[in-house]
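So the chains spell out like this:
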Amino acid sequence: MTKADYELLSEFRYQLRRFMRFSEEAVQSEGLTPLQYQLLLQLKGFPGREWATIGELAERLQARHHGVVALVTRCENTGLVQRVTGSADRRQVEVHLTKKGNQCIARLAGLHRTELRSLSDVFSVENIGAFNDGSVP
């Protein structure tokens, strides 16, 4: 790697950390933890439907099953999500956003989209792919 590659990687990581700090502060201003926000985001953005199982959420969050059960319980206690017995398979538990959860994720996702747009030049494919060997940071 060249000096320019290190500088590009350093800048990318710096801007990524700035975005993550923005995200943490925005989420905390809503009274949520970053992981709770991630859960809501994964539910709202789950491909093809408006709910997910605990196992699917564990995969999307890259977390252990029992940790996601505890996270869902905390979100359920604050009225952000609800568990629903599966209609196709009654052994399956679906996790759904509540009205409160939908409103919360809409506000936060809007803030995040605006912040990401302001960083679009930093997170462009051209910048990420600019390493001499083509590696991704």
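On a predicted model such as this, the values are computed, not experimentally measured, just so you know.

S.K.: So what exactly am I meant to see when it comes to the nonpolar core here?
M.R.: A general feature of soluble globular proteins is that nonpolar side chains tend to end up buried together. In this structure, Leu 39, Leu 40, Leu 43, Leu 57, Val 72 and Val 81 are the most contacted members of the largest nonpolar core, which totals 24 residues. Elements supplying a minimum of two residues to this core: helix 1 (3-29), helix 2 (34-44), helix 3 (54-61), helix 4 (65-77), strand 3 (93-97) and helix 5 (99-118). Leave out the neighbours within four places in its chain, and Leu 43 touches Arg 49, Glu 50, Trp 51, Ala 52, Leu 57, Val 81, Val 95 and Leu 97.

S.K.: I tried to follow the packing of aromatic side chains on my own but got confused; where do I start?
M.R.: The geometry of an aromatic ring pair comes down to the distance between the two centres and the angle between the two planes. Applying the stated criterion to the full structure yields one aromatic pair. Here the aromatic rings of Phe 19 and Phe 22 are separated by 6.2 Å at their centres, their planes lie at 35°, and the arrangement is tilted. Taken together, the positions of Phe 19 and Phe 22, both in helix 1 and three residues apart, correspond to about one turn of that helix. Phe 22 gets classed as partly exposed once you look at its relative accessible area, which sits at 22%.

S.K.: What is the right way to read the pairing of strand 3 from this model?
M.R.: Looking along a regular strand, one sees the side chains alternate between the two faces of the sheet. Extensive coverage of strand 3 is indicated by the burial of four of its five residues. Here three bridges tie strand 1 (residues 51-53) to strand 3, and the two strands are oriented antiparallel to one another. From the neighbouring strand, Trp 51 faces strand 3, where its bridge partner is His 96. With five bridges connecting them, strand 2 (residues 81-85) and strand 3 associate as antiparallel partners. In the strand pairing of strand 3, Arg 83 is matched with Val 95.

S.K.: Would you mind showing me how to read the packing of helix 2 against helix 5 here?
M.R.: Two quantities define a packed helix pair, namely the angle between the helix axes and the distance between the axes. Between helix 2 and helix 5, whose axes approach to 10 Å, the crossing angle comes to 100°. Between helix 2 and helix 5, the crossing angle belongs to the class labelled roughly perpendicular. From helix 2, Tyr 37, Leu 40, Leu 41 and Lys 44 reach across to helix 5, where they touch Gly 101, Asn 102, Cys 104, Ile 105, Leu 108, Ala 109 and His 112. Taken together, the residues that form the contact of helix 2 with helix 5 break down as seven nonpolar, three polar and one charged.

S.K.: Help me understand the sheet that holds strand 2, please; the structure alone is not making it clear to me.
M.R.: By definition, the strands of a sheet pair up through backbone hydrogen bonds, in either a parallel or an antiparallel sense. Ordered in space as 1-3-2, the three strands form an open sheet in which the pairing is antiparallel. Looking at the sheet topology across the chains shown, the edges are occupied by strand 1 and strand 2. With strand direction ignored, the average angle separating the axes of adjacent strands in the sheet is 35°. Packing of helix 2 onto the sheet brings it into contact with strand 1, strand 2 and strand 3, and relative to strand 3 it is tilted by some 100°. The strands touched by helix 3 within the sheet are strand 1 and strand 3, with strand 1 carrying the most contacts at an inclination of about 90°.

So, how was this worked out
Residues numbered from 1 in each chain as written. Predicted model: local features only at pLDDT ≥ 70, side-chain atom pairs only at ≥ 80, totals over all residues. Heavy atoms only, no water. Core = buried A, V, L, I, M, F, W, Y, C linked by side-chain atoms within 4.5 Å. Buried < 20%, exposed > 50% of the residue type's maximum accessible area, 1.4 Å probe, protein only. Helix = DSSP H or I, 4+ residues; strand = E, 2+ residues; numbered from the N terminus. Contact = heavy atoms within 4.5 Å. Phe/Tyr/Trp six-rings, centres within 6.5 Å; stacked < 30°, edge-to-face > 60°. Pairing = 2+ DSSP bridges. Axes fitted to C-alpha atoms, helices over the stretch in contact; angles between N-to-C directions. Parallel < 35°, antiparallel > 145°, perpendicular 65-115°, else oblique. Nonpolar A, V, L, I, M, F, W, Y, C, P; charged D, E, K, R; others polar.

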